[in-house]
Amino acid sequence: MSHKEENVRVGISIGDLNGIGPEVILKCFEDNRMLELCTPVIFGSSKPLSYIKKNINSNVNFQGIDSLDQIVTGKLNVLNLWKENVNINFGENDPVVGGYAIKSFVAATEALKNDEIDILITAPINKYNTQSEEFKHPGHTNYLNEQLEGNALMLLVSDDLKVGLLTDHLPLKDVAQAITPQRIEEKVKTIREALMNDFNIFNPRIAVLGLNPHAGDEGVIGTEEQEIIKPTITKLAEEGILVSGPFPADGFFGSQLYNSFDAVIACYHDQGLAPFKALSFSKGVNYTAGLNKIRTSPDHGTAYDIAGKNLADPTSFREALYLALDVFRNRNRNIEAKSNPLVPQEKENNTKKFDN
């Protein structure tokens, strides 16, 4: 059972210590009002966080704990997963530091699975330096999909735009082969359920982008639209799902047609993320839809070029926290509503009877 809304336990994986992840976490909680919304727990170690805190002249205070049953409400908690010192060299791609990032993420995911935390926010990692014999995943989403229940879908979220992906961390040469009717159906239905249950959007409108330039130009540039994407969209529409497309990606965003839809599904990573970040950079959130647990992340990477310079903007991390809390509340309220449905009652017979 989840904690009450006023005491939501927010697990935070520390991310790459040589990047800006720890900095944006600390900056977010410099505002004590954030602790009125939730009880945060950073999975990591007090030692490197103390070093980073001093480096950015932060006034934030945190409470070191050695187990999750020691969480202190109203404090920024740091669960000490290791005691040894870690050499931090801001801006450097270091596989040792990458190993600590994964240690944090794996421990936080396990706590999420075991209901020891209610939601998870992940700070950015470097996908190259985190690879090892124990962790062979191209990113957070793939690992979460393996560990949790459901079918994960990367959904980028801002106030004005939501973009989901048919394929995420897949080489471009493999994308066309991965676009199948089954995948399209699964992703459209996953995003529809997320929009309804997590964002309270009734009967959402979904747009699907074409794979090829100009959505194939009726087969002149490519046939995937005519042979796979469009027939699948037609089938889903006949089932009552408000889905349209395929749309040419360039004109779709350039003409602001996305404003007519509740979400957009792109065929591959950069087709969706490039326009999303151009339109919503620093305010966007990476949300993993389709799973039984809630995970969000700021929509930026490790930003090695500004790491350690006290230049990182915590806005996206803060938005990731807000979104996770909103989804948590929406899910709980939907569960409560479904568990206590209104029972139909027989209509009262108000027919007047008159004596003869």
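About the thresholds
- Residues numbered from 1 in each chain as written.
- Predicted model: local features only at pLDDT ≥ 70, side-chain atom pairs only at ≥ 80, totals over all residues.
- Heavy atoms only, no water.
- Helix = DSSP H or I, 4+ residues; strand = E, 2+ residues; numbered from the N terminus.
- Rg over C-alpha atoms; globule rule 2.2 N^0.38 Å.
- Contact = heavy atoms within 4.5 Å.
- Areas by Shrake-Rupley, 256 points an atom, 1.4 Å probe, with all protein chains shown as cover.
- Lys, Arg positive; Asp, Glu negative; His and termini not counted.
- Charge placed at Lys NZ, Arg CZ, Asp CG, Glu CD.
- 1 Å grid on protein atoms, 1.4 Å probe; cavity = no way out; pocket = protein on both sides within 12 Å on 5 of 7 lines; lining within 4 Å.
- Points joined across faces, edges and corners; volume = space filled by probe spheres on them.
- Nonpolar A, V, L, I, M, F, W, Y, C, P; charged D, E, K, R; others polar.
- Domains from an automatic or database assignment.
- Core = buried A, V, L, I, M, F, W, Y, C linked by side-chain atoms within 4.5 Å.
- Buried < 20%, exposed > 50% of the residue type's maximum accessible area, 1.4 Å probe, protein only.
- Salt bridge = Lys/Arg side-chain N within 4 Å of Asp/Glu carboxyl O.
- Polar contact = N/O pair within 3.5 Å; in protein donor to acceptor, adjacent residues only side chain to side chain.
- Phe/Tyr/Trp six-rings, centres within 6.5 Å; stacked < 30°, edge-to-face > 60°.

Peer 1: How should the overall build of the protein chain be read in this particular structure?
Peer 2: Helices and strands together make up the secondary structure of the protein chain, namely ten helices and twelve strands. The C-alpha atoms of the protein chain give 23 Å as radius of gyration, which agrees with the globular expectation for 356 residues (21 Å, within 12%). Its C-alpha atoms give the protein chain principal-axis dimensions of about 85 × 75 × 35 Å. For the protein chain, contacts bridging at least 24 residues in sequence account for 73% of all contacts bridging at least 6. Put simply, the protein chain shows about 17,500 Å² of open surface, and 48% of that area lies on carbon and sulfur atoms. Charged side chains of the protein chain number 35 positive and 47 negative; the gap between the two group centres comes to 4 Å.

Peer 1: Would you take a moment to explain empty space enclosed by the protein for this structure?
Peer 2: Empty pockets left among the atoms are what a rolling probe the size of a water molecule brings to light. One pass over the full model with this rule turns up one cavity of 30 Å³ or more. There is about 30 Å³ of room inside the largest cavity. Tallied by class, the residues present in the lining of the largest cavity amount to four nonpolar, three polar and one charged.

Peer 1: What exactly am I supposed to notice about the layout of surface pockets here?
Peer 2: One number sums up the size of the largest pocket: a volume of about 470 Å³. Taken together, 22 residues make up the lining of the largest pocket; nearest its centre are Leu291, Asn292, Lys293, Arg331 and Ile335. Breaking the lining of the largest pocket down by element, the ones donating at least two residues are helix H6 (181-197), strand S11 (285-291) and helix H10 (315-339). Among the elements that line the lining of the largest pocket, the one with the most residues is H10, at six residues. Each residue belonging to the lining of the largest pocket can be placed in one class, and the counts come to seven nonpolar, seven polar and eight charged. Shared between two domains, the lining of the largest pocket holds at least three residues of each, these being domain 1 (1-149 + 292-337) and domain 2 (160-282).

Peer 1: Looking at this model, I keep getting lost on the nonpolar core. Mind explaining?
Peer 2: The nonpolar side chains of a soluble globular protein tend to be buried, and buried together. Counting residues in hydrophobic clusters, the biggest one holds 68 residues, and the most contacted among them are Val10, Phe29, Val188, Tyr287 and Leu321. Here this core takes eight residues from H10, the largest share from any one element. Dropping the residues within four chain positions of it, Tyr287 is found in contact with Leu153, Met154, Leu155, Val157, Asp198, Phe199, Ile294, Arg295, Thr296, Leu323, Val327 and Arg331. Formed by 20 residues, the second largest nonpolar core is a distinct cluster that contains Leu79, Ala111, Leu120 and Leu148.

Peer 1: Any chance you could explain the domain arrangement of the protein chain here in plain terms?
Peer 2: Interface size is commonly expressed as the accessible surface area that is lost when the partners come together. Assigned domains within the protein chain: domain 1 (1-149 + 292-337) and domain 2 (160-282). Computed from C-alpha atoms alone, the centre-to-centre distance between domain 1 and domain 2 is 30 Å. Counting from both sides, the interface comprises twelve residues of domain 1 and, opposite them, eleven residues of domain 2. Lys277 is the partner of Asp299 in a salt bridge, and the nearest nitrogen-oxygen pair spans 3.8 Å. Taken together, the connections running from domain 1 to domain 2 amount to five residue pairs in polar contact (both at pLDDT 80 or more). For the side of domain 1 that touches domain 2, the element with the most residues is H10, which contributes seven residues. Its residues assigned to classes, the side of domain 1 that touches domain 2 comprises three nonpolar, five polar and four charged.

Peer 1: It is not clear to me how the packing of aromatic side chains should be interpreted in this structure. Could you clarify?
Peer 2: Between two aromatic rings, the relevant description is the distance of the centres plus the angle of the planes. Applying the stated rule across the entire model yields eleven aromatic pairs. Here Phe135 and Tyr143 contribute two aromatic rings whose centre-to-centre distance is 5.4 Å and whose plane-to-plane angle is 40°, an arrangement assigned as tilted. Each of the two residues, Phe135 as well as Tyr143, counts as buried. Here a set of aromatic residues connected by ring pairs shows up, and it is made of Phe247, Phe252, Phe253, Tyr258 and Phe261.

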